[in-house]
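# Reading the structure
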Amino acid sequence: MTTNKKPNRLAQEKSPYLLQHQYNPVEWFPWSDEAFEKAKQEKKPIFLSIGYSTCHWCHVMERESFEDDEAAALLNREFVSIKVDREERPDVDNLYMTVCQAMTGQGGWPLTIVMTPDKKPFFAGTYFPKRKRFGRNGLVDILEQIAEKWKENAQLVIDAGETVADQTARRMISNLKGEVTESSLDESFVMYKQLFDGEYGGFGQAPKFPTPHNLMFLLRYYASTGEDDALHMAEKTLDAMYRGGLFDHVGFGFARYSTDREWLVPHFEKMLYDNALLGMAYTEAYQLTGKAKYREIAELVYAYVLRDMKEPGGGFYSAEDADAEGVEGKFTVWTPDEVRDVLGEDDGEWFCDVYGITAEGNFEGRSIPNLLHGSLESQAARSGTEEAAFVDRADRLRHKLFLRREERVHPEKDDKVLTSWNGLMIASLAKAAAAFDRPEYAEAATSAARFVLEKLRTPEGRLLARYRDGDSAFPGYIDDYAFLTWGLIELYQATFDPELLRVASELTQDAVRLFWDEEDGGFYFYGSDAEQLFTRMKEVYDGAIPAGNSVMANNLLRLARLTGEQRLAGYAERIFAAFAGAVQQYPTGHAMMLMGLSLAYGKPREIVIAGARGDAETEAMLRAVRSAFLPDAVVLLRDDALAHLADKTPVNGAAAAYVCENYACQAPVTSAEALKAALKPDNE
C-alpha cells in the first residue's frame, strides 16, 4: 500500500476500483473531457489503464508501478493518465479490449493502452512489471520508448493510431456474412464434443472458465434430440466444477475460473455474474435429471449470495476480491493444524481426509478444500458409513470452520450495484424459486428488481448502469436492458405479476429505440444518447457473460409469446441474420445465440393456467409446469390485464390448463396429472 497521503482526482469517484488508486502518486484522471482536453492542450499521449476492483494482477501492477515514485514521475511528466473501471464503463473496455486482442492476439486485465488525445490507440497490452523480467517487457521501459518516439515524430504515432482505429471499425462483428439454420445446432454440438475434456470436464485446457451458458445449451440440445453425449458433457462438467476448488466448500459460492485443468486451484475472486449463471445451470440440471444434488448445489450458491452479496436495499453487490491482506487466496486456504485447532484431533483428521487438506498443500504450501478424490456420497460408501450420517458430519464440521474463517480478515468487497449483473441474479433466483418452490427466492428477486427500477432508472425511464453510495450513473448499455428484461421475464414465470411483463416490454421498446441498428440489424453496445467512441461496437461473442444481443434474441422470442406481440419475433430473426457469420465461424463461442436458435426452430409451447391463485388445483398445475425442464415453453397465468388471454377461461368453474404446441392448441385439461401427461415428450 502506498504511503502517499495526498489524494488524486480519483478520490471524488464512487467506483471501488478507482478509489483503490486515489492515493497513488500517479496523477490519475477518470475518463473525462477534462483529461482529453489536457492531453490536447499539452500535446501528450494518453496512458489508459483499465481493470476492476477484485482483479489480482491489477493489484500487482498497482503495487509494482502505480505506487512507485519513479514510474509515477514518468507517467506524470510524459503522459495524461486515465483510470477506468471496466464494470462501470464496459463500452470503453470492450472497444479497447478488441484493439488489444487484434494487436497482440490476447487480452485480459489489467488492460494497458496508450493512445492519442483523440482516443485512437497505438499500443496495447495487459500486465507489465515495472522493469523487464523473465522476458516480459517492463512498463517503464515501454513508456520511455513511447515518450521518445512521440517527441521525435508525434505525427507518425498519430497516424499509427488512425490506422488501428480504422482497422478496429472494419472488424465490426456484424460485417461477417453467413447463414444460420437448425443444422447450426448440430454442427455446434459436434464442436463441443471435439473440445470436451473427457477426463476432467469442461472444454479445452487450462485456464478453464465455468461458462454456464455452454452447459445450458447442451441441456437443451439433449432435451430436444436425446443425444446422450450432450447430457454427459454437461453433467461431467457440473460435477467436476463443484467437487474442485472452484467451489468454496466452507463458505459456498463459485470463484471466477480455474487456473488448472482439474478445477482445483481457482482464481479466488467471486463474481456475482458467475454465481447467477451457475445457479441457473444447476437449477436446470435438476429440472432435467431430477437429481437432488444439483438442487442442493444451486441452493448453496444462493445461500452464499443472499448471505454475503445482498445490499440492504435489495440489490446485489458485484464481487469479492481474490486477495486478503494482499495475499491471493489467503482467506480460503487451510493447513491441517488450523483445521485441528478448530475441530479437535479426531474430527480434524477426518475432515482433512475428506476434503484433501494435507501438510504438503495444493496451493503455495496450504490447501484448498476439495472433493476431487471423491464425492461425500462415494467416500461414505468406501468407508462403509451410512450416507446421511457421513454428510451430516461433514456439514456440521464445515460450519465450525466457517465460523472460525469469519474471524479472518475478509477479502475486499466491490459493493457497487450493476444493473446488468443484478438482472442475471434476478433471473437466476426467479428460475430457482419456480423450480424448487422456494418463495423466498422470488421475494429476493422481487426486492432486487424493485431496487434497480427505483434506484437505477431516471424519471424519464432511462436505465443507468451503476449504483453506489447513493449515486447512480452512466447511461445503461444493451447488457443492462437485456439482462434486466431476462430477469423480469423469469420473475413473471415465478410470480405471474402482469406488471412485470409490462415493464419488460417497455424496456425492450426502449432498447430498440436506443440501441437498434435499423440498417444492418442487431443492437449496438451503447445507446445513441451516450458518449460516442471512435467506433460503435456490437457484441455477440459470449465471454464469461453471455452477449447482450443473444440474450435480447431470446427475450424477444419469449416476449412475443408472452404478450402476443408477434412483431417482436421479427427483431430476433434480424439478430440471427446480422450475426450469422460470427456464429458460423465459431459456434461454441455463441452458446446463448444457439439457445435462441433452439427456441426459434423448436416446437414452441405456450401453457396458460386459468384459475385463481391459492386454489389447490391451480397451484398443483403451476408446480407441475415450473418443476419441469421446459426451455421451449412460456407459462402464463390468466389475468384480466393480459388481453390476449381473454379466451382462456376456467372450465365449469374449475381451474384449467391450455397447452398450445407448435402453433396448435389442445383441448384444456382440468387436473395437474392430466397436464403432466400433456407435457410428456411422447405427446409432442
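Here's a quick rundown of the structure. (Residues numbered from 1 in each chain as written. Predicted model: local features only at pLDDT ≥ 70, side-chain atom pairs only at ≥ 80, totals over all residues. Heavy atoms only, no water.)

### Some words on the pairing of strand 3 (residues 80-85)
Note the cut-off: Burial classes follow relative accessibility: with a 1.4 Å probe on protein chains only, a residue under 20% of its type's maximum area counts as buried, one over 50% as exposed, and anything between as partly exposed. Secondary structure elements are defined from DSSP: runs of H or I of at least 4 residues count as helices, runs of E of at least 2 residues count as strands, and each element is numbered from the N terminus. Two strands are counted as paired when DSSP detects at least two bridges linking them.
Burial analysis of strand 3 places 6 of its 6 residues in the buried class, which makes it a mostly covered element. Side chains Val 80, Ile 82 and Val 84 of strand 3 all project onto a buried face; the interleaved residues Ser 81, Lys 83 and Asp 85 project onto the opposite face, where all are buried too. Two strands pair when backbone bridges link them, and strand 1 (residues 29-30) and strand 3 are joined in this way by 2 bridges, in the parallel orientation. Its bridge partner lying in strand 3, Pro 30 is registered against Lys 83. Sheet topology places strand 2 (residues 46-51) next to strand 3; 6 bridges connect them, and they run parallel. In the sheet register, Leu 48 faces strand 3, and the bridge partner there is Ile 82.

### Some details on the pattern of salt bridges
Stated precisely, the cut-off is as follows: The rule for a salt bridge is simple: a side-chain nitrogen of Lys or Arg has to be within 4 Å of a carboxyl oxygen of Asp or Glu.
Using the criterion set out here, one finds 65 salt bridges in the structure. A salt bridge links Glu 349 to Arg 340; the nearest nitrogen and oxygen atoms lie 2.8 Å apart. Where Asp 415 meets Arg 468, a salt bridge forms, and the shortest distance between an N and an O atom there is 2.5 Å. One end of the pair, Asp 415, is in the loop between strand 12 (413-414) and strand 13 (417-418); the other, Arg 468, is in strand 14 (residues 464-468), with 53 residues separating them in the sequence. A single network of salt bridges, built from pairs that share partners, joins Asp 68, Glu 70, Lys 130, Arg 131, Asp 141 and Glu 144.

### Observations concerning helix 16 (residues 387-405)
Spelled out, the test is: For a helix, the expected span equals 1.5 Å multiplied by the number of residues minus one. By construction, the arc corresponds to the directions joining the helix axis to the C-beta atoms. Residues are treated as being in contact if the distance between any of their heavy atoms lies within 4.5 Å. Definition of a polar contact: a pair of N or O atoms within 3.5 Å, with one able to donate and the other able to accept a hydrogen when the atoms are protein atoms, and with sequence-neighbouring residues admitted only if both atoms are side-chain atoms.
Between its first and last C-alpha atoms helix 16 spans 27 Å; for 19 residues at 1.5 Å apiece the expected length is 27 Å, and the two agree. Looking at helix 16, one finds that the buried residues are Phe 390, Ala 394, Leu 397, Arg 398, Leu 401, Phe 402 and Arg 405. What you see down the axis of helix 16 is that its buried residues fit within an arc of 155°, all on one side. The inward-facing, buried residues of helix 16 contact helix 12 (292-308), helix 13 (336-343), helix 14 (345-355) and helix 15 (376-383). Two or three places before Ala 388, at the opening of helix 16, Glu 386 has a side-chain oxygen 3.2 Å from that residue's backbone nitrogen.

### Quick look at the environment of Ala 394
Looking at the element boundaries, Ala 394 is found in helix 16. Other than its neighbours up to four places away in sequence, Ala 394 contacts Trp 350, Phe 351, Tyr 355 and Leu 376.

### What about unusual backbone geometry?
For the bond running from Trp 109 to Pro 110, omega is 5°, close enough to zero to count as cis. Assignment of secondary structure puts Pro 110 in the loop between helix 5 (90-104) and strand 4 (111-115). Backbone torsion omega between Ala 206 and Pro 207 reads -5°, so that peptide bond is classified as cis. The topology assignment puts Pro 207 in the loop between helix 8 (183-195) and helix 9 (212-225). Positive phi values are uncommon outside glycine, yet Thr 211 reaches one of about 35°. Mapped onto the fold, Thr 211 is located in the loop between helix 8 and helix 9. For Thr 211, a relative accessible area of 18% puts it in the buried group. Notably, Trp 263 is not glycine yet its phi reads approximately 70°, a positive angle. By secondary structure assignment, the location of Trp 263 is in the loop between strand 6 (257-258) and strand 7 (266-267).

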